[in-house]
Amino acid sequence: MNDNLAYQEEIWEEIINGQPVLMSPRPTTNHNRVSGNIYFLFKRHLKGHTCEPFDDGMELYLTDKDRFIPDMMVVCDRNKIKSDGVYGAPDLVVEVLSPSSLKRDRGYKMTAYEQAGVKEYWLVNPADKSLEQYISQDGHFVLHEVYVIHPDYLLKKMSEEEIAAIPTEFKCSLYNDLIIKLEDVFENVD
């Protein structure tokens, strides 16, 4: 361990169902690229609006037993935003998947977000350049669509009609005027 304080790494933890869970190892370059790309899409779109996006690092006090650090979230109720974090359900939550968080993001955390009243939830996988969009309907997340940037070797095996049918952009359910392009989400991801 390096005793030089200038080189000490901050250790982040979430509280999941009342239990502390270390968030390590720190995210990869592609993980940071994806979460940053998504944050900037919303930051640009929401400039001058009531809703505010927050990128990785902002604590979310979702319930008495759950304190998460989502990769990105949008909060429209400004009363939930405090100096030390967000208190209560955001409107949109994005979790960028990694091998160490996959089970929690798809399992407990997804259920906690659903029960708290999050309106839209995204699971984004940099490894296969996919994005799952879940929208709350009657208090339950329903998979709206899975968007994927297909690798070139698969595209070469598809017909022109199949390629034309692949969605390359979509709308966030919260904003009719915000079109998300997959190429922007996965920009610079290798």
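Before reading further, recall that the structure is shown in the block above.
The model shown is predicted, which means the values in this text are computed figures rather than measured ones. (Residues numbered from 1 in each chain as written. Predicted model: local features only at pLDDT ≥ 70, side-chain atom pairs only at ≥ 80, totals over all residues. Heavy atoms only, no water.)

### Concerning helix α1 (residues 29-46)
Working step 1: Taking 1.5 Å per residue, 18 residues should reach 26 Å; α1 reaches 26 Å between its end C-alpha atoms and fits that length.
Working step 2: Immediately downstream of α1, the backbone of G48 shows phi near 85 degrees, a positive value. (Helix = DSSP H or I, 4+ residues; strand = E, 2+ residues; numbered from the N terminus. Expected span 1.5 Å × (residues − 1).)

### A look at the environment of L174
Working step 1: Checked against the element boundaries, L174 lands in the loop between β13 (169-171) and β14 (179-181).
Working step 2: Overall, L174 belongs to the partly exposed group, its relative accessible area being 24%.
Working step 3: Sequence separation between L174 and E120 is 54 residues, and the spatial gap between their C-alpha atoms is 7.9 Å.
Working step 4: Those residues within four positions of L174 in sequence are excluded, and the remaining contacts are D91, L92, K119 and E120. (Buried < 20%, exposed > 50% of the residue type's maximum accessible area, 1.4 Å probe, protein only. Contact = heavy atoms within 4.5 Å.)

### Observations regarding the pattern of salt bridges
Working step 1: Inspection of the entire model under this criterion finds nine salt bridges.
Working step 2: A salt bridge links E13 to R67; the shortest N-O distance between them is 3.8 Å. In this pair, E13 sits in strand β1 (residues 13-16) while R67 sits in strand β5 (residues 67-68), placing the two residues 54 residues apart along the sequence.
Working step 3: Among the ionic pairs, R78 bridges to E52, the shortest N-O distance being 3.0 Å. Placement of R78 in the loop between β6 (72-75) and β7 (81-82) and of E52 in strand β3 (residues 52-55) is noted, with a sequence separation of 26 residues between them. (Salt bridge = Lys/Arg side-chain N within 4 Å of Asp/Glu carboxyl O.)

### Quick notes on helix α3 (residues 108-116)
Working step 1: Regarding α3, the residues found buried are K109, M110, A112, Y113 and E114.
Working step 2: Two residues or fewer past α3, G117 is found with a positive phi of approximately 100 degrees.

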